[in-house]
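Breakdown of the fold
Residue strings, one per chain:
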Amino acid sequence: MDFLQLATERYSVRSFALKPIEDEKLMQILRAGQVAPTAVNFQPHQIYVLKSEAALQKIRSLTRFTYQAPVVLLCCADLTRAWKSPVEIGYNTAEMDVSIVCTHMMLEA
């Protein structure tokens, strides 16, 4: 499949089966995030795999946008580890970097 076909056929899912994701599929999704580019390869992100009932209840208490998925990937950016522009004061790539990581994982999924 070429990229344009992938982009054309992708869709958002907001209804999930209660069946857990197979470990090999989850690892493939995480691998897609791992190979995502980040500014200067600083990799200022952390991905948490939320599977336990306690973790899922906690994230669901913070946002309604988990759609009752049996596994949630929580993607965080560490502002202190991201590339900062030496020219533009306050410019930090953490948000952009973690967004690219998330995009890679969504496209893999």
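All chains use their own residue numbering, which begins from 1 and follows the written sequence. In keeping with the predicted nature of the model, local features appear solely for residues at pLDDT of at least 70, side-chain atom pairs appear and are counted solely at 80 or more, and the whole-chain, interface and lining totals rest on all residues. With hydrogens and water set aside, each side-chain value is computed from the structure's full complement of heavy atoms.

Put simply, the rule is: UniProt positions are given in the numbering used here, feature names are shortened, and annotations may be inferred rather than shown by experiment.
As annotated in an unreviewed UniProt entry, the chain is Nitroreductase family protein from Candidatus Anaerobiospirillum merdipullorum. Recorded in UniProt for the chain, the comment headed Cofactor (unreviewed entry) runs: "FMN". If you open the UniProt record of the chain and go to Sequence similarities (unreviewed entry), you find "Belongs to the nitroreductase family."

**Concerning the overall build of the chain**
Selection criterion: Secondary structure elements are defined from DSSP: runs of H or I of at least 4 residues count as helices, runs of E of at least 2 residues count as strands, and each element is numbered from the N terminus. For each residue, the accessible area found with a 1.4 Å probe, counting protein chains only, is set against the maximum for its type, and the residue is called buried under 20%, exposed over 50%, and partly exposed in between. Residues are treated as being in contact if the distance between any of their heavy atoms lies within 4.5 Å. To be clear on the numbers: accessible area is Shrake-Rupley with a 1.4 Å probe, and residue cover counts the displayed protein chains and nothing else. The charge count includes Lys and Arg as positive and Asp and Glu as negative, but it does not include His or the ends of the chains. Here the site of a charge means atom NZ of a Lys, CZ of an Arg, CG of an Asp or CD of a Glu.
When you go through the chain residue by residue, the secondary structure sums to four helices and two strands. For the chain, the spread of C-alpha atoms along the three principal axes comes to 50 × 40 × 25 Å. Looking at the chain as a whole, 23% of its 109 residues are labelled buried. In the chain, of all internal contacts separated by at least 6 residues, the share reaching a separation of at least 24 is 62%. A total of about 8,000 Å² of accessible surface is found on the chain, and carbon and sulfur atoms cover 58% of it. Positive and negative side-chain charges in the chain, numbering 11 and 11 respectively, have mean positions lying 7 Å apart.

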